[in-house]
Structures are given as C-alpha cells and as structure tokens.
Amino acid sequence: QVKLVESGGGLVQAGGSLRLSCAASGRTFSGYRMGWFRQAPGKDREFVATIGWNGGSTRYADSVKGRFTISRDNAKNTVYLQMNSLKPEDTAVYYCAADGSITTMAYNYWGQGTQVTVFS
C-alpha cells in the first residue's frame, strides 16, 4: 500500500512558478513509475507528466512541455513537479499517482490533490 500526500499548490499570477511535491509512504516507492495529473472544473482528469523509477523515461503532455519538469528523489520518497511560465489554463487540482504504466496511463495509487490557481 502506498499513501501519497501532495503539497505546494496555491495562488500565483500568470507567468509565475510553483513547485508541487508528493510525499509517498511505503517501502517500494523507488520501484514505481510516478505521475502527475490534473483536473480543471467541469473537465475530465488529464495526464500532465510521468517519470520512471530511476528518474528517466519522462513524458509530458503537449500543453506543458517546455514549461513543467517532473523529477524525483527516491531517498526522500518524493516526486516533484516544477511548473514555470504558468498560464490561467493551468488552473486545476493536481494529483500525484504511483505505480503506473507509461503505455496505459493507469495508476494504482492516488493522492488527494492540491489546488493550483493561476490568475491573469
């Protein structure tokens, strides 16, 4: 079992930056593919970024490519999402996910989410 707790969300002006963190419990964190997803009001949850167990094999949604960076620190059981050049359309609840597939985008564990609001 893995418990995920996101933090770092907040209110930011367009063009600004935020770094989200996701702290995971469980001894097998380092073996999991991790991901970030988001859900805006009235919209379906969408994929944002994913990272392999060793920090490689990253992939990003086209909408965030070049602006967001996913990383992880297995010693701290934490995955990060650095978000730069934020836009109002990035406003959403951001969710961390663990134990996923890069092909199916299905994940077995989810956090509760953290709100990111970008104002212009």
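Above this note sits the structure.
Here is a short report on the structure shown in this document. (Residues numbered from 1 in each chain as written. Predicted model: local features only at pLDDT ≥ 70, side-chain atom pairs only at ≥ 80, totals over all residues. Heavy atoms only, no water.)

### A short note on the state of the cysteines
A complete count under the given rule lists one disulfide for this structure. Paired by a disulfide, Cys22 and Cys96 hold their sulfur atoms 2.1 Å apart. Negative torsions about the S-S bond denote left-handed disulfides, and the value of about -80° found for Cys22 with Cys96 makes this one left-handed. Linking Cys22 in strand β3 (residues 18-24) with Cys96 in strand β9 (residues 92-100), this pair joins segments that are 74 residues apart in sequence. In this structure Cys96 comes out as buried when scored by relative accessible area, which is 0%. (Disulfide = S-S within 2.5 Å. Helix = DSSP H or I, 4+ residues; strand = E, 2+ residues; numbered from the N terminus. Buried < 20%, exposed > 50% of the residue type's maximum accessible area, 1.4 Å probe, protein only.)

### A short note on the sheet that holds strand β1 (residues 4-7)
Strand order in the open sheet formed by four strands is β1-β3-β8-β7, with antiparallel pairing between adjacent strands. The two strands at the open ends of the sheet, each matched to only one other strand, are β1 and β7 (68-73). Neighbour-to-neighbour, the strand axes of this sheet turn through a mean angle of 15°, independent of strand direction. Looking at chain direction, β1 and β3 are connected through four bridges and run antiparallel. Within the sheet, the bridge partner assigned to Val5 lies in β3 and is Ala23. (Pairing = 2+ DSSP bridges. Axes fitted to C-alpha atoms, helices over the stretch in contact; angles between N-to-C directions.)

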